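# Residue-level structure breakdown
Listed below are the residues making up each chain.
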Amino acid sequence: MKVDKIVNINKDLCTGCGVCIKICPPKILYLDEGGACEVKDESLCDRLRGCERKCPTGAITIS
Ligand code: SF4
Ligand code: SF4
């Protein structure tokens with residue numbers, strides 16, 4: 001079971017553009033079967049908010 005939340009993803013806002021996935025240094029982001037961004041192991045997140053800054057729709061935020 002996943003204990004969240006460092007990486008918060010609003011799947012209603014995510015377009016599946018993949019920008020955050022490309023720039024995430026520890027590569028913990030991926031697209032799920034539905035084409036929305038999902039996080040694997042958020043304990044590896046550097047919390048530097050690169051994804052948050054680059055996401056064109058504001059779908060991903062870091063706590
Ligand atoms: S804050 Fe950085 S390490 Fe964490 S999910 Fe976003 S890009 Fe990846
Ligand atoms: S950058 Fe934003 S819209 Fe694009 S895949 Fe990531 S969370 Fe979704």
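### Quick notes on the state of the cysteines
One pass over the structure, following the stated rule, counts 0 disulfides. Sulfur of Cys37: no disulfide; nearest cysteine sulfur belongs to Cys20 and is 3.6 Å away. Overall, the relative accessible area of 3% leaves Cys37 in the buried class.

### Examining empty space enclosed by the protein
Counted according to the given criterion, the structure contains 1 cavity of 30 Å³ or more. Here the largest cavity defines a volume of roughly 100 Å³. If you go around the largest cavity, you meet 15 residues; those closest to its centre are Cys14, Cys17, Cys20, Cys37 and Cys55. Considering only residue class, the lining of the largest cavity consists of 11 nonpolar, 4 polar and no charged.

Calculation notes
- Residues numbered from 1 in each chain as written.
- Chains lettered and ligands numbered in written order.
- Predicted model: local features only at pLDDT ≥ 70, side-chain atom pairs only at ≥ 80, totals over all residues.
- Heavy atoms only, no water.
- Disulfide = S-S within 2.5 Å.
- Buried < 20%, exposed > 50% of the residue type's maximum accessible area, 1.4 Å probe, protein only.
- 1 Å grid on protein atoms, 1.4 Å probe; cavity = no way out; pocket = protein on both sides within 12 Å on 5 of 7 lines; lining within 4 Å.
- Points joined across faces, edges and corners; volume = space filled by probe spheres on them.
- Nonpolar A, V, L, I, M, F, W, Y, C, P; charged D, E, K, R; others polar.

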